[in-house]
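So the chains spell out like this:
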Amino acid sequence: MDGMLKEGSFENKTIIVTGGGTGLGRAMGEYLLKLGANLVITSRKIEVLEKAAEEMTSKSEGQVLPIPCDIRKYDEIENVLSEAESKFGKIDGVLNNAAGNFISPTERLSNRAFDIVIDIVLRGTSNFTLAAGKNWIAKKQAGVFLNIVTTYAWTGSGYVVPSACAKAGVLAMTRSLAVEWAKYNIRSNAIAPGPFPTEGAWKRLFPKEVADQIDPIKRIPVRRFGEHQELANLAAYLMSDYAAYVNGEVVTIDGGEWLQGGGEFNGLEAITPEMWDVLEKMRSKK
Ligand code: HXC
Ligand code: NAP
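Every chain is numbered on its own, with residues counted from 1 as its sequence reads. All chains are assigned letters beginning at A, and all ligands numbers beginning at 1, according to the order in which they are written. Since the coordinates come from a predicted model, pLDDT governs what is reported: local features require at least 70, and pairs of side-chain atoms require 80 or more to be given and counted, while whole-chain, interface and lining totals use all residues. To obtain the side-chain values, all non-hydrogen atoms of the structure were used and water was disregarded.

A. Summary view of the overall build of the protein chain. Counting its secondary structure elements, the protein chain contains 11 helices and 7 strands. Our radius of gyration looks at C-alpha atoms and nothing else; its globule reference is 2.2 Å times the residue count to the power 0.38. Against the 2.2 N^0.38 benchmark of 19 Å for 286 residues, the protein chain shows a C-alpha radius of gyration of 21 Å, consistent with a compact globule. Dimensions of the protein chain, computed from the C-alpha atoms along their principal axes, are close to 80 × 45 × 40 Å. Relative accessibility decides the category of a residue: with a 1.4 Å probe and only protein chains considered, values under 20% of the type maximum give buried, values over 50% give exposed, and everything between is partly exposed. In the protein chain, which comprises 286 residues, the proportion classed as buried is 45%. Here, residues are in contact when the closest pair of their heavy atoms is within 4.5 Å. Of the contacts made within the protein chain by residues no fewer than 6 positions apart, 76% connect residues no fewer than 24 positions apart. Of the roughly 15,200 Å² of accessible surface on the protein chain, a fraction of 53% belongs to carbon and sulfur atoms. By the counting rule applied here, Lys and Arg register as positive and Asp and Glu as negative, while His and the ends of each chain are not counted. A single reference atom marks each charge: NZ on Lys, CZ on Arg, CG on Asp, CD on Glu. A gap of 3 Å separates the mean positions of the 33 positive and 35 negative side-chain charges of the protein chain. A run of DSSP states H or I qualifies as a helix once it reaches four residues; a run of E qualifies as a strand once it reaches two. Both are numbered from the N-terminal end. The Shrake-Rupley method, run with a 1.4 Å probe sphere, supplies the accessible areas, and residue values consider only the shown protein chains as cover.

B. Structural detail: the environment of Arg204. Locating Arg204 in the fold gives a position in helix H7 (residues 199-205). On the basis of relative accessible area, Arg204 is assigned to the partly exposed category, the value being 40%. A C-alpha to C-alpha distance of 9.9 Å links Arg204 and Ser104, two positions 100 residues apart in sequence. If sequence neighbours within four positions are ignored, Arg204 has contacts with Asn101, Phe102 and Ile103.

C. Expanded view of the site of ligand 2. Note on definitions. A residue lies near a molecule or strand when any single heavy atom of the residue is within 4 Å of it. Close contacts around ligand 2 come from 27 residues, with Thr22, Arg44, Lys45, Asn97 and Thr198 the closest. The definition of a polar contact used here is a pair of N or O atoms within 3.5 Å, where within protein one atom must be able to donate a hydrogen and the other to accept one, and adjacent residues in sequence count solely through side-chain atom pairs. One of the side-chain N or O atoms of Thr22 is found 2.7 Å from an oxygen atom in ligand 2. Its free accessible area being 880 Å², ligand 2 has 90% of it covered by the protein chains. When contributions to the shell around ligand 2 are tallied by element, the ones reaching two or more residues are helix H1 (23-34) and H7. Charged residues are taken to be Asp, Glu, Lys and Arg, nonpolar residues to be Ala, Val, Leu, Ile, Met, Phe, Trp, Tyr, Cys and Pro, and polar residues to be all remaining types, Gly included. Here the residues of the shell around ligand 2 are counted per class, giving 13 nonpolar, 9 polar and 5 charged.

D. Expanded view of the environment of Glu54. You can see Glu54 is positioned in helix H2 (residues 46-59). Taking the C-alpha atoms as reference, Glu54 lies 9.6 Å from Pro66; in sequence the two are 12 residues apart.

E. Structural detail: the side chain of Arg26. In this fold, Arg26 is placed in helix H1. Its relative accessible area of 17% is what places Arg26 among the buried residues. When near neighbours in sequence (up to four residues on either side) are disregarded, Arg26 contacts Gly19, Gly20, Gly21, Ala52, Glu55, Met56 and Lys59.

F. Quick peek at the site of ligand 1. Taken together, 15 residues are adjacent to ligand 1, and Arg44, Asn101, Ser110, Arg112 and Arg204 come closest. At 2.7 Å from an oxygen atom of ligand 1 is found a side-chain nitrogen or oxygen belonging to Arg112. Within the side chain of Arg204, a nitrogen or oxygen atom sits 2.7 Å from an oxygen atom of ligand 1. Relative to its unbound accessible surface of 1,100 Å², ligand 1 loses 62% to contact with the protein. Of all the elements in the fold, those that place two or more residues in the shell around ligand 1 are helix H4 (111-139) and H7. Tallying contributions element by element places H7 first for the shell around ligand 1, with 4 residues.

G. Looking closely at H1. Relative to the 16 Å expected for 12 residues at 1.5 Å per residue, H1 spans 17 Å between its end C-alpha atoms, a close match to the ideal helical length. Among the 12 residues in H1, 9 count as buried, and that is most of the element. Here H1 has its buried residues at Leu24, Gly25, Arg26, Ala27, Met28, Gly29, Tyr31, Leu32 and Leu33. Two residues or fewer past H1, Gly36 is found with a positive phi of approximately 110°. A helix's residues, less one, multiplied by 1.5 Å, set its expected span.

Shape descriptors only; they carry no functional weight alone.
Shown next as structure tokens:
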């Protein structure tokens, strides 16, 4: 659970984390701050951001700038970029982490409910990417994007269909721009986390009534959830200069969860050693 990168790895770097006041965005931001970054955290709720900034700076040296921004609104994103530049001089990286999600049978969703998730996740992420990318290109500055997706960005998943559509789009954008914008010295990568407990995700995706019926731990071969520092280590590496040759990659960090569902015979985990003994005896008798 220790930090992995060298102290000072992010000195003189400014990183914007969307959704940086809560959950995984906050954990990743906190670690970047510890590594020396100037941090800009954004989301819709300024009171949450201000409290997070205060708590973060009380634990670490370094500066945190909280700026309210609804990533569905392009002008609010442009405001974040200009405020961040006024305070810190330049921006070096954007961690596209903000999202909206909830579970529901798809046929029960109103069109507005479908839109709201697509608008936050796909439109919000593409808005931030376009605004920051244009800014870097115009100023001939290098930059790095890290986009938080999920493993169902490529498998798809029932009951979170708007999120699956949107995350798949974000992954396609990550890979597309990794190629198109490499000539401008802009790298794009993604992380696909499995379950990492956060208040925001748990109350919307694993409410008690659901968790009582489906134990999410049983879906994970390593039989535990992810620790926030494990994700923060990976995020910091991918955003750092140590990963200068990593471009267009999506790194899964899920304890093997999505592959457990994919392997045809993985269900044989249910066969006990005693049953295997019986099967072996039957085989040797044939
Ligand atoms: C069905 C729902 C719903 C639900 C909202 N709606 N929640 N429909 N089931 N549980 C519908 C509403 O009825 C409304 O449609 C429309 O969606 C908009 O709802 P609002 O509440 O007005 O929207 P808003 O206040 O903007 O909130 C957005 C939100 C909310 C996405 C609905 O949950 C939110 O703020 N989320 C942000 C944080 C978050 O989701 N974190 C979890 C990320 S976890 P009508 O037609 O009635 O107007 C994650 C993990 C993935 O992504 C992988 C895990 C392993
Ligand atoms: P979270 O704490 O609810 O984070 C979501 C953040 O997005 C919040 O800070 C929220 O802040 C912000 N946000 C939502 N709508 C926004 C908007 N329109 N504009 C700006 N900000 C907005 O949940 P989390 O678990 O940490 O999720 C973080 C990321 O990890 C998401 O991309 C999620 O899909 C991904 N992920 C999580 C898990 C997991 O197990 N936790 C697994 C896979 C992927 P406001 O409400 O203040 O706007």
